[in-house]
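What the coordinates show
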Amino acid sequence: MLPFQKYLSIVVVLFLFGCQSDSEEQNDYVQGTVTNTSPLTTYLQRVAMVPTVQDNVIDGSTYCTIKLPYTVTVNNTTIAVNTTADYQKVVDNIKANNYDDDIVRITFPVTMVYYNYIQKVIPNETEFKDLIDYWNMYPDLLSKINGLNINYPITINTYNSANQIAGSVSIASDQAFFNFIKNLNASQYIALQYPISVTDYNNQTKAITNNLDFENAIQYAIDYCPENNITPLDFTATLTSGSWEIPYYFADSDKTASYNGYCLVFANDQSVVATKNGISETGQWQSSVQYGVRVFQLTFSSPELAKLNTSWKLFEFNNSIIRFRNVSNGTQYLYFEKSKS
């Protein structure tokens, strides 16, 4: 196997999109390349997941949806759900009278489609309730990012460091994109071929020209698309509840290993205690909303933890994960994950 820098140089030649110097080509390649564990890759896979929120009034789950067509009965009215537009008929019937039961009864069997495109036939109401109970056990599972639609086809350039083979693939649908990312392995590097056209939840079409553009569009969708904010949470209450680990830290390169074993506990007095191998250090944290964006600042004194003393911008959070990003000098990422112990 060739050394990493050498095979990168080979790939650069294969990924040329214009006349540039050798150093410019390599810099553009390194900046535009992602792997199966890169934040952008994981976000894009969630963009490409099955839309599951729109029929929550019927199935009550954001992790699966009922495959069309099917029939439901609401307040003794039978409604044929043949298209996504028919969900509104169910909503309208529920709202029509404030004094009825508003029970939505599904006519079985139906086929459930999970967020990851797996399908399962559900023969009766008992199995349906069991399935919904199962998904409700995982309320903080990172679900589909709604409000951002990729306009296909798109082209992805690929390079496999294991066999030093470069190529490209055309992606024609969300399902194909989801499965492409799902099947990536650690030796594969990909670069999206820009520009890529997307449509936001306001039905506005725009051109994405680089990876940072894509991340910003995804964050905008997370922050502003109502379908991504079904259960509003208080950031400070979430942060100060329980203890947190650091599953991912990226600054120029993946430096997560340096923070394995740390446990962080945040207090309401804006102190934070970081403990590793029985040794604790107390630091400070601050958080505020500036121009609609939540800013988060850590202050530690020890050399290792002081590397986290950056003005972070909140990307997304729920009860189990908090994800920050900083783009002031390159792109840095800091993730917190609720400790399981």
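For the structure itself, consult the block above.
Residues numbered from 1 in each chain as written. Predicted model: local features only at pLDDT ≥ 70, side-chain atom pairs only at ≥ 80, totals over all residues. Heavy atoms only, no water.

1. Some thoughts on the pattern of salt bridges
Opposite charge on two side chains allows them to pair when their charged atoms are near. In the structure shown here, the tally under the stated rule is seven salt bridges. The closest approach of N and O atoms between lysine 129 and glutamate 125, which form a salt bridge, is 3.5 Å. Taken together, the residues span about one helical turn, with lysine 129 and glutamate 125 both in helix α6 (residues 125-136) at a distance of four residues. One salt-bridge network, in which partners are shared between bridges, spans Arg46, Glu316 and Arg323. (Salt bridge = Lys/Arg side-chain N within 4 Å of Asp/Glu carboxyl O. Helix = DSSP H or I, 4+ residues; strand = E, 2+ residues; numbered from the N terminus.)

2. With respect to the packing of helix α3 (residues 39-47) against helix α7 (residues 174-182)
Relative to each other, α3 and α7 sit at 145°, their axes nearing to 8 Å. Viewed along their axes, α3 and α7 form a crossing whose handedness is left-handed. Here Thr41, Leu44, Gln45 and Val47 of α3 lie close against α7, whose contacting residues are Asp174, Phe177, Phe178, Ile181 and Lys182. (Axes fitted to C-alpha atoms, helices over the stretch in contact; angles between N-to-C directions. Left-handed = near helix turned anticlockwise from the far one by under 90°. Contact = heavy atoms within 4.5 Å.)

3. A word on α3
Among the nine residues in α3, eight count as buried, and that is most of the element. Taken together, the buried positions of α3 are Pro39, Leu40, Thr41, Tyr43, Leu44, Gln45, Arg46 and Val47. (Buried < 20%, exposed > 50% of the residue type's maximum accessible area, 1.4 Å probe, protein only.)

4. Quick notes on the packing of α3 against helix α8 (residues 211-224)
The relative placement of two packed helices is expressed as an angle between their axes plus a distance between the axes. Interhelical geometry of α3 versus α8 gives an angle of 50° and a closest axis separation of 10 Å. Considering their axes alone, α3 and α8 lie oblique with respect to each other. The way α3 lies across α8 gives a crossing that is left-handed. Of the residues in α8, those in contact with Pro39, Leu40, Tyr43, Leu44 and Val47 of α3 are Asn211, Phe214, Glu215 and Ile218. Class assignment for the residues of the contact of α3 with α8 results in seven nonpolar, one polar and one charged. (Parallel < 35°, antiparallel > 145°, perpendicular 65-115°, else oblique. Nonpolar A, V, L, I, M, F, W, Y, C, P; charged D, E, K, R; others polar.)

5. Quick notes on the nonpolar core
In this structure, Ile58, Val72, Met112, Phe177, Phe214 and Ile218 are the most contacted members of the largest nonpolar core, which totals 57 residues. Sort the elements by how many residues they give to this core and α8 lands first, with five residues. Apart from the residues within four sequence positions on either side, valine 72 is in contact with Ile58, Thr77, Thr78, Ile79, Val81, Val90, Val104, Arg105 and Ile106. Core analysis: the second largest hydrophobic core is formed by 24 residues, Ile246, Leu264, Phe266 and Leu308 among them. (Core = buried A, V, L, I, M, F, W, Y, C linked by side-chain atoms within 4.5 Å.)

6. Looking at the packing of aromatic side chains
Within this structure, the stated rule accounts for 28 aromatic pairs. Centre to centre, the rings of phenylalanine 235 and phenylalanine 324 are 6.3 Å apart; their planes meet at 80°, and the pair counts as edge-to-face. Of the two residues, phenylalanine 235 is situated in helix α9 (residues 235-239) and phenylalanine 324 in strand β20 (residues 321-326); the sequence distance between them amounts to 89 residues. Residue phenylalanine 235 is classed as buried on the basis of its relative accessible area, which comes to 3%. With relative accessibility at 0%, the residue phenylalanine 324 sits in the buried group. Pairing phenylalanine 266 with tryptophan 285 gives two aromatic rings, centres 6.3 Å apart and planes at 80°, and the pair type is edge-to-face. Taken together, the residues span a long stretch of sequence, with phenylalanine 266 in strand β15 (residues 263-266) and tryptophan 285 in strand β17 (residues 279-290) at a distance of 19 residues. For tryptophan 285, a relative accessible area of 3% gives the class buried. Through a chain of ring-to-ring contacts, the aromatic side chains of Phe235, Phe266, Trp285, Phe296, Phe317, Phe324 and Phe336 assemble into a single cluster. (Phe/Tyr/Trp six-rings, centres within 6.5 Å; stacked < 30°, edge-to-face > 60°.)

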